[in-house]
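# Residue-level structure breakdown
Spelled out, the chains give:
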Amino acid sequence: MSAEAFHGTPVRPLLTFPMGNFAIKAITTPKEQHDFIAVPAYVYRDDPYWVAPIESSTAKQFSEENSFFQYGKLQQFLAYEGEQPVGRVVAAVNSRLVEREGRSIGLIGFFECINNIEIGQALLDAATDWLQQQGMTKARGPIDLSTHNNCCFLVDGFDSDPMLMMPYNPRYYLDIMEANGWQKAKDAYAYNLPLDNPLPDSFERGYKIAQKAGITFRAIHTKGEAFEQDCRQIYELFTTAFAHNWSSSARTEEEFMVEARELQTLVDTDIFVIAEDPKKDSNNKMVGFFMALPDYNIALKHVKGKLDIFGMLKFLWYRRKIDQARVLAICTLPEYSRKMVALAVVYLGMKGGTDKKPSYRRAELSWVYEDNVRSRNIIESTGATIYKTYRIYEKALA
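The structure reproduced in this document is the subject of the present report. (Residues numbered from 1 in each chain as written. Predicted model: local features only at pLDDT ≥ 70, side-chain atom pairs only at ≥ 80, totals over all residues. Heavy atoms only, no water.)

Another aspect to go through is helix H12 (residues 373–381). Among the residues making up H12, those that are buried are Arg376, Ile378 and Ile379. One side of H12 holds all its buried residues, which, seen down the axis, span an arc of 160°. For H12, the elements touching its buried residues are strand E8 (183–194), helix H6 (201–212), helix H11 (341–355), strand E13 (362–369) and strand E14 (385–396). Backbone geometry just downstream of H12 places Gly383 in the positive-phi region, at approximately 100°. (Buried < 20%, exposed > 50% of the residue type's maximum accessible area, 1.4 Å probe, protein only. Helix = DSSP H or I, 4+ residues; strand = E, 2+ residues; numbered from the N terminus. Arc of directions from axis to C-beta. Contact = heavy atoms within 4.5 Å.)

Omega for the bond connecting Gly141 with Pro142 falls within 30 degrees of zero, at 5°, which places this linkage in the cis form. Mapped onto the elements, Pro142 comes out in the loop between strand E6 (138–141) and strand E7 (153–156). A cis geometry characterises the amide bond from Ser366 onward to Trp367, with omega recorded as -15°. The topology assignment puts Trp367 in strand E13. Residues other than glycine seldom take positive phi values, yet Cys152 does so here, at roughly 80°. Mapped onto the elements of the fold, Cys152 is located in the loop between E6 and E7. On the basis of relative accessible area, Cys152 is assigned to the buried category, the value being 3%. The backbone of Met165 sits at a positive phi, close to 60°, despite the residue not being glycine.

In this structure, Phe77, Phe111, Leu123 and Leu131 are the most contacted members of the largest nonpolar core, which totals 68 residues. Tallying contributions element by element places helix H4 (residues 117–133) first for this core, with 8 residues. With sequence-adjacent residues up to four places away left out, Phe111 is seen in contact with Arg88, Val89, Gly120, Leu123, Leu124, Phe153, Tyr173 and Ile176. Membership of the second largest hydrophobic core comes to 64 residues, among which are Tyr235, Phe256, Tyr347 and Ala363. (Core = buried A, V, L, I, M, F, W, Y, C linked by side-chain atoms within 4.5 Å.)

Everything listed here is a matter of geometry and, on its own, says nothing about what the molecule does.
This is how it looks when you write it as structure tokens:
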């Protein structure tokens, strides 16, 4: 099978580059694709905090189903010691990002590697060589094709499991990156909020102010056309509010809806709050939302990456033990800041988590960039504190 079958472009006519006791290969066969998916299980085999990603979900990123290939291209690389795959990386060109930033920025992502700095650097060199051949002058990562997917390396807070859809990696990945000439581009934080104490009174006051201003609140719909309509409004609001997020590339509404439908059955309506203005456009116009999900990593840790019949049974059994949630986004239209909509949705979302039986014991608010002062101020006013730090790196290629 050709390299193009995996949406890649070989970096040289010969696809195997021996380097001492290991070799770097550009993926060209189904077996190598299988090895690519298997690398993390080998790298993290003795790590007590790692939660295996669902292997079928990772494979889907490289299939014809992924709309990325309508506007981007990539090449996967593997590192082998003998027959054992011991590392991997993906180099990608996201044309939406290049167009938005007006610069030839390529991406590296899906990086995993054993604790061997030579192998790690060889993987990164293969990825950046390929990016240079595509005309890129700067590399950024880790970003798995876009920041809407997995991105960032953990740089502080290695002593606990990652929450749902949050990255985790060994500490030595930072040494590999920095030894290879990569430098910090931007940090992001995850905040921890124990829920055994109530929010400060300012949040309830904000909720009452929003009510007096005519704002109404409800849970997200989870079924049928009502769910579809809610998600389309969330897309519109999300796109408006986060249009200028650093390193973010646009998604179409349909791409967003595909992701939303995948999460539909995972929603807890107690912690997903919608704010509406009945007076806006003579309709219940969505003006804000509080988006949180239960931390399904608590159950997924027992699945070990395989959602077959046995994996699904384990997931259903262990999901009963979930007692924490991740807040993915707090979003309001800027013109509603004086109506305290942001404080109101936080108040209702957190209250929904603590009032339910059994209740959530803590929340993680993640992730937020270090220079996003407005969001950080809201988060820190809840009493939440930074407990994990993440980093995206950059490297000049020319």
